[in-house]
Amino acid sequence: MTRMTVDGEPLDFTEGQTVAAALVAAGRVAWRTTRVGRRPRGVFCGIGVCFDCLVTVDGVRGQRACLLPARADMTVTTREDDDGDDG
Amino acid sequence: MGTTGETADLVVVGAGPAGLAAAVTALAGGLRVALVDSAGTVGGQFWRHPPDTARAAIPTADLHHGLRDYRALREALAAAGDRGRLDLRLAHHVWSVTRDEDGFTVHTVDRRRAPEETAVTLRAPRLLVATGAYDRQLPFPGWDLPGVLTLGGLQALLKGGGVVAGDRVALGGTGPFLLPVAAALAARGARVVTVCEAAGPSAWLRSPGPLLRNPAKGAEGARYGLTLARHGVRFRPRTAIVAAEGTDRVTSVEIASLAADGSPRPGTERRVEADTVGVGWGFVPQLDLLVPLGCALADSDDGSTVVAVDAGQRTTVPGLYAAGEVCGVGGARLSLAEGRLAAESVLADHGAAPVLGRGRRAAVRATVKRHRAFARALARAHPVPSAWSRWLTDDTVVCRCEEVTAGAVRAARTDGGARDHRQVKQLTRAGMGWCQGRVCGPAVHCLVAPHRSYTPTERLVATPLTLGALADLDHARENTGGAAHE
Ligand SMILES: Cc1cc2nc3c(=O)[nH]c(=O)nc-3n(C[C@H](O)[C@H](O)[C@H](O)COP(=O)(O)OP(=O)(O)OC[C@H]3O[C@@H](n4cnc5c(N)ncnc54)[C@H](O)[C@@H]3O)c2cc1C
Ligand code: FES
């Protein structure tokens, strides 16, 4: 197991998993909040098509968690609304 | 800083079964090939794997079929790489392709150090697009709850990360893909509480010919059937998941028997507890890169639009070839065979000798024909139920990105006069969000124009880019004297 930081908390994952796989393995299926309905969202298509799984990685917004390999030196934040229009 | 890759004889986009088979065949014929995929390893959806460095930590061999072919293709790639003829570009996302008189410019971003991005431009006189397909979705109340995923999404988490997404899983939709997903989840310890197949058990009897001519397919189905029986999984024909319930995560689904037109039969609704749901209604070809190049499209039997190709997988644009599920959904075997045929056409058009002898080429063509006939029969046996929209309520979200409801889409049709998904988009913003209508497009289309095939909107950017990568691209263009023009 390797450890990354998600919303300031440590998250253990197996090297080779995506950020989405790591979150789901830890029991988190939702991490984003939608702009209009303020609804929780997480992984849906799993292959980069739907953009439901967006997170901010090392300060860069709009990253698809299902495509992004998790790394130990990574800082992921999910709490802000990632549905903004910059990106 | 942006870089421009070597010029190759052929660029292949997509390293799934189709792209892999094409690249290996073209390499065997002596061409220099650039093979690009956004994933970190080759294999596509069917042979999705964790990165090579994680194979021991995340074992997935038990989830796969046809691994002997996969290994042989990988060995051939590695050998060509050693001889310096293969430019393998993994974790490179192609966001646009342009064509000029000398061939094609393929704009990619290298995301090996994501979220860092570097623009990389590849050029070749010939381009082969093998970008596959993605799950078709029909909205239903609660499909936007966390824990509801696509069938492919469940499979991708499992094959790519070794992750079983939940404990009690309900699956629904239509098509043979329900079976491998159910079998894989059950084998990995999930409780698959129900598998709802909208088609009736007699669907195959209407045209049994293609099944009889593809006995391997029947055997495959029987194998999955045995796995499901062993795990006590209930397979329910002519049934659909018509709603998902829960607050912050799905906790149950409502299933109902379907009448012949696909509408839920009143009084048959039942609630099944589930913490995870997987749904899929066949697949939609991924035409993002092909549509802007202007090649002719065609209707397929499953209501999607596919790229039109000749018997050698040539599109109507000179130098542009397509293989695999962009040409119509038909499974990994068909994709492999189409990849080989496409590469043989590339070799012939390039003036190189064929790799396969005449007899083998004829055999591959026969395989393609047989599998296409099978795919057509499948599409007829597993249609999108015509009355599916009956399970929508006015407040069901249809466009997940912009959170546009079914009520708003219906109003766009009845009050706004919208006749296709583009007009709905102008009136409601459905299809205007991050996914650019990839997810809701087919469903919105069904709601307003159910009797025509779904053609995706022209998209110029197949993947969003950071501003950094765009700046890199300007740099790359200066460095190559403007070779990368839009
Ligand atoms: C999520 C998912 C899971 C599936 N799992 C199974 C399964 O377990 N069993 C089964 O029988 N069938 C499965 N299928 C069906 C599958 O589509 C076919 O079996 C088979 O993979 C098709 O092969 P292909 O080569 O045509 O396309 P694919 O295998 O889909 O390969 C396409 C490749 O193109 C790449 N690509 C696409 N766009 C770009 C771009 N812009 N830039 C760079 N690369 C790009 C993708 O990353 C992918 O690797 C699945 C389909 C999906 C969508
Ligand atoms: S889950 Fe759909 S893009 Fe990541």
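So, here's what we can say about the structure. Keep in mind that what you see is a predicted model, and the values were worked out from it rather than measured.

1. A word on the overall build of chain A
Turning to step 1, where the next piece is worked out: Helix and strand counts for chain A come out as one helix and seven strands.
Turning to step 2, where the next piece is worked out: Moving toward the C terminus, one meets the helices and strands of chain A in the order β-β-α-β-β-β-β-β.
Turning to step 3, where the next piece is worked out: Taking 12 Å as the expected radius of gyration for a compact globule of 87 residues, we find that chain A reaches 12 Å, a close match to that expectation.
Turning to step 4, where the next piece is worked out: Taken along the three principal axes of its C-alpha coordinates, chain A extends 35 × 25 × 20 Å.
Turning to step 5, where the next piece is worked out: Split into buried and exposed, the 87 residues of chain A put 60% on the buried side.

2. Re the environment of Leu392(B)
All names here are of chain B.
Turning to step 1, where the next piece is worked out: Looking at the secondary structure, you find Leu 392 in the loop between α8 (358-381) and β22 (397-399).
Turning to step 2, where the next piece is worked out: You can call Leu 392 buried: its relative accessible area is 7%.
Turning to step 3, where the next piece is worked out: Separated by 148 residues in the primary sequence, Leu 392 and Ala 244 have C-alpha atoms spaced 12 Å apart.

3. Quick word on the interface of chain B and chain A
Turning to step 1, where the next piece is worked out: On the side of chain A, 45 residues touch chain B, which itself brings 48 residues to the contact.
Turning to step 2, where the next piece is worked out: Roughly 3400 Å² of surface becomes buried between chain B and chain A when both sides are summed, with 59% attributable to carbon and sulfur atoms.
Turning to step 3, where the next piece is worked out: Broken down residue by residue, the surface that chain B buries against chain A is led by Pro115(B), Glu403(B) and Trp434(B), which jointly contribute 22%.
Turning to step 4, where the next piece is worked out: Remark: the boundary between chain B and chain A carries two salt bridges.
Turning to step 5, where the next piece is worked out: A salt bridge links Glu402(B) to Arg35(A), with the nearest nitrogen and oxygen atoms 3.3 Å apart.
Turning to step 6, where the next piece is worked out: Put simply, chain B and chain A have 13 residue pairs in polar contact (both at pLDDT 80 or more) between them.
Turning to step 7, where the next piece is worked out: Secondary-structure elements contributing two or more residues to the side of chain B that touches chain A are β9 (133-135), β10 (148-150) and α3 (151-161) of chain B.
Turning to step 8, where the next piece is worked out: In terms of residues, the side of chain B that touches chain A owes the most to one element, α3(B), which gives six residues.

4. Comments concerning helix α9 (residues 406-414) of chain B
Turning to step 1, where the next piece is worked out: Inspection of α9(B) places Ala406(B), Gly407(B), Val409(B) and Ala412(B) among the buried residues, and these make up the whole buried set.
Turning to step 2, where the next piece is worked out: Turning to α9(B), the residues buried within the fold contact β22, β23 (404-405), α10 (421-428) and α11 (441-448) of chain B.

5. Side note on helix α2 (residues 67-82) of chain B
Since the α-helix advances by 3.6 residues per turn, residues separated by three or four positions end up pointing in the same direction.
Residue and element names in this part refer to chain B.
Turning to step 1, where the next piece is worked out: Given a rise of 1.5 Å per residue, 16 residues ought to cover 22 Å, and the 22 Å separating the end C-alpha atoms of α2 matches this to within 8%.
Turning to step 2, where the next piece is worked out: Buried within α2 are the following residues: Leu 67, Tyr 70, Leu 73, Leu 77 and Ala 80. For α2, the buried positions fall inside an angular range of 150° around the axis, keeping them on one side. For α2, the exposed residues set more than 90 degrees away from the buried face come down to Arg 68, Glu 75 and Asp 82.
Turning to step 3, where the next piece is worked out: Residues of α2 that are buried make contact with α1 (17-28), β3 (33-37), β4 (86-90) and α7 (332-350).
Turning to step 4, where the next piece is worked out: Downstream of α2 by one or two residues, Gly 84 has phi in the positive range, about 80°.

6. What to know about unusual backbone geometry
Residues and elements named next belong to chain B.
Turning to step 1, where the next piece is worked out: Residue Ala 114 is joined to Pro 115 through a cis peptide bond whose omega torsion reads 5°.
Turning to step 2, where the next piece is worked out: Tracing the chain through its elements places Pro 115 in the loop between β6 (103-110) and β7 (118-124).
Turning to step 3, where the next piece is worked out: The backbone of Ala 91 shows a phi angle near 55°, a positive value even though the residue is not glycine.

7. With respect to the packing of α9(B) against α10(B)
Residue and element names in this part refer to chain B.
Turning to step 1, where the next piece is worked out: As a packed pair, α9 and α10 sit with axes 10 Å apart at the nearest point and diverge in direction by 110°. Taken together, α9 and α10 sit at an angle that is classed as roughly perpendicular. Handedness of the crossing formed by α9 with α10: right-handed. For the pair α9 and α10, contact is made by Ala 408, Val 409 and Ala 412 and by Val 424, Leu 427 and Thr 428, respectively.
Turning to step 2, where the next piece is worked out: Residues of the contact of α9 with α10, tallied by class, amount to five nonpolar, one polar and no charged.

8. Section: the site of ligand 1
All names here are of chain B.
Turning to step 1, where the next piece is worked out: In the vicinity of ligand 1, 29 residues are found, and the nearest of them are Ala 18, Asp 37, Gln 155, Lys 159 and Glu 325.
Turning to step 2, where the next piece is worked out: Contacts to ligand 1 include Glu 325, whose side-chain N or O atom sits 2.4 Å from an oxygen atom.
Turning to step 3, where the next piece is worked out: Protein chains shield 91% of the accessible area of ligand 1, which is 970 Å² for the free molecule.
Turning to step 4, where the next piece is worked out: When contributions to the shell around ligand 1 are tallied by element, the ones reaching two or more residues are α1, β5 (92-100), β9, α3 and α7.
Turning to step 5, where the next piece is worked out: Of the residues in the shell around ligand 1, the class split is twelve nonpolar, 13 polar and four charged.

9. What to know about the pairing of strand β3 (residues 30-33) of chain A
Residue and element names in this part refer to chain A.
Turning to step 1, where the next piece is worked out: Where β3 lies against strand β4 (residues 40-42), three bridges are found, and the strand directions are antiparallel. In the sheet register, Ala 30 faces β4, and the bridge partner there is Gly 42.
Turning to step 2, where the next piece is worked out: The loop that links β3 with its antiparallel partner β4 comprises six residues; one of these, Arg 38, has a positive phi angle of about 50°.

Criteria and thresholds
- Residues numbered from 1 in each chain as written.
- Chains lettered and ligands numbered in written order.
- Predicted model: local features only at pLDDT ≥ 70, side-chain atom pairs only at ≥ 80, totals over all residues.
- Heavy atoms only, no water.
- Helix = DSSP H or I, 4+ residues; strand = E, 2+ residues; numbered from the N terminus.
- Rg over C-alpha atoms; globule rule 2.2 N^0.38 Å.
- Buried < 20%, exposed > 50% of the residue type's maximum accessible area, 1.4 Å probe, protein only.
- Contact = heavy atoms within 4.5 Å.
- Buried area = accessible area lost by both parts, 1.4 Å probe.
- Salt bridge = Lys/Arg side-chain N within 4 Å of Asp/Glu carboxyl O.
- Polar contact = N/O pair within 3.5 Å; in protein donor to acceptor, adjacent residues only side chain to side chain.
- Expected span 1.5 Å × (residues − 1).
- Arc of directions from axis to C-beta.
- Axes fitted to C-alpha atoms, helices over the stretch in contact; angles between N-to-C directions.
- Parallel < 35°, antiparallel > 145°, perpendicular 65-115°, else oblique.
- Left-handed = near helix turned anticlockwise from the far one by under 90°.
- Nonpolar A, V, L, I, M, F, W, Y, C, P; charged D, E, K, R; others polar.
- Near = heavy atom within 4 Å.
- Areas by Shrake-Rupley, 256 points an atom, 1.4 Å probe, with all protein chains shown as cover.
- Pairing = 2+ DSSP bridges.

Fair warning: the whole summary comes from geometry, so function is off the table for now.
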